[in-house]
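# Report on the structure
Residue-level listing of the chains:
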Amino acid sequence: MIKHDGAALEARDLRAGYGERPVLRDLHLRVQAGEIYALLGGNGAGKSTTMNAFLGMLPPRSGSVRVCGIDVAADPRAARLKLAYVPENVVLYEHLSAQENLRYFLGLIDPRSADRATIERALTAAGLDPASWGRRLAGYSKGMRQKVAIALALARSVPVLLLDEPNTGLDPRATGDLNRLLLNLRGEGKAVFMVTHDLLSAAQVADRIGFLSEGRIVEELAAAGPGRFDIDGLYRRYAGWSTQQ
Ligand SMILES: Nc1ncnc2c1ncn2[C@@H]1O[C@H](COP(=O)(O)OP(=O)(O)OP(=O)(O)O)[C@@H](O)[C@H]1O
Ligand SMILES: [Mg+2]
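This text gives an overview of the structure that appears in the document.

Counting residues in hydrophobic clusters, the biggest one holds 50 residues, and the most contacted among them are Leu102, Leu123, Leu128, Ile150, Leu163, Leu182 and Ile209. Tallying contributions element by element places helix H5 (residues 142-155) first for this core, with nine residues. Counting only domains with at least three residues in this core, you end up with domain 1 (1-82 + 160-245) and domain 2 (87-157). Core analysis: the next-biggest nonpolar cluster, separate from the first, contains 31 residues, Ala8, Leu14, Val65 and Val72 among them.

Quick look at the structure:
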């Protein structure tokens, strides 16, 4: 195990992009274990690209990216084993049930992790009604699908969760369920890094909120208390950030 200074995720002086095109420019970002970090920013600011860098899909042009102290460029596989990623557009099998989807996808990673108890624990933690576990996803709502994707991430019991716009399209109740779940995960000491356009959810759950513009963090705010932001102040700041673009 490589020793590290406690940051679950760290980007330092990171420059990265696609082909010749720079997207991230001197990005500095740290997320600790037991912390929820919400990354805000306009469309095209580089939020998903930041996730790709942590996932090892985007080699740094300069600077470094670390996951639990592991240099992603040096050992992408070891870094990837510390992460669970819930993408913006979740791809699951429609003709399989929630249990079958989990068994299949977990089996691809590690057949030993695809046991019934692990799957049931993860589906319970994700808040999916047990009455739906055996039903095909074709009949699921968006919120139910999201819970299956999150259960898949939870079943891997990794220390870091990356969520790209996890509450887009969720109704207020499903959003509330998700927010409670994220707070539970934080209580278990996981690091949660989420990209969102939902300022209210970010304010309710995040310990820190960063605003990304043109590939760098232009402002970072810390919660005044556990999970608390001054929402009016946050909206005013948000308006200020947006007009800077
Ligand atoms: N695979 C790719 N190849 C080339 N350019 C890309 C690729 N993915 C993203 N980009 C470009 O990189 C920039 C940042 O995109 P990114 O997807 O990171 O933005 P985002 O902040 O996640 O936006 P959104 O809020 O729309 O999801 C954009 O200009 C986009 O066109
Ligand atoms: Mg995106």
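Text resumes after the structure shown.
This brings us to empty space enclosed by the protein. Within the structure shown, the criterion is met by one cavity of 30 Å³ or more. Roughly 60 Å³ of volume is contained in the largest cavity. If you go around the largest cavity, the residues you meet are Ala126, Gly143, Gln146, Lys147, Ile150, Leu170, Ala174, Asp177, Leu178 and Leu181. Elements supplying a minimum of two residues to the lining of the largest cavity: H5 and helix H6 (172-187). Residues of the lining of the largest cavity, tallied by class, amount to six nonpolar, two polar and two charged. Looking at which domains feed residues into the lining of the largest cavity, each of domain 1 (1-82 + 160-245) and domain 2 (87-157) supplies at least three.

Residues Tyr93, Tyr104, Leu108 and Ile109 make up a contiguous nonpolar surface patch of about 400 Å² in total accessible area. Among the secondary structure elements, tyrosine 93 is positioned in the loop between strand S6 (83-86) and helix H3 (98-109).

Along helix H4 (residues 116-125), the residues that are buried comprise Thr118, Ile119, Ala122 and Leu123. In an axial view of H4, the angular spread of the buried residues amounts to 125 degrees, which keeps them on one side of the axis. Set apart from the buried face of H4 by more than 90 degrees, the exposed residues are Arg116 and Arg121. Buried residues along H4 sit against H3 and H5.

Thresholds, definitions, all that
Residues numbered from 1 in each chain as written. Chains lettered and ligands numbered in written order. Predicted model: local features only at pLDDT ≥ 70, side-chain atom pairs only at ≥ 80, totals over all residues. Heavy atoms only, no water. Core = buried A, V, L, I, M, F, W, Y, C linked by side-chain atoms within 4.5 Å. Buried < 20%, exposed > 50% of the residue type's maximum accessible area, 1.4 Å probe, protein only. Helix = DSSP H or I, 4+ residues; strand = E, 2+ residues; numbered from the N terminus. Domains from an automatic or database assignment. 1 Å grid on protein atoms, 1.4 Å probe; cavity = no way out; pocket = protein on both sides within 12 Å on 5 of 7 lines; lining within 4 Å. Points joined across faces, edges and corners; volume = space filled by probe spheres on them. Nonpolar A, V, L, I, M, F, W, Y, C, P; charged D, E, K, R; others polar. Patch = residues over 30% accessible without salt bridge, like charges linked within 9 Å, V, L, I, M, F, W, Y side chains within 5 Å. Areas by Shrake-Rupley, 256 points an atom, 1.4 Å probe, with all protein chains shown as cover. Salt bridge = Lys/Arg side-chain N within 4 Å of Asp/Glu carboxyl O. Arc of directions from axis to C-beta. Contact = heavy atoms within 4.5 Å.

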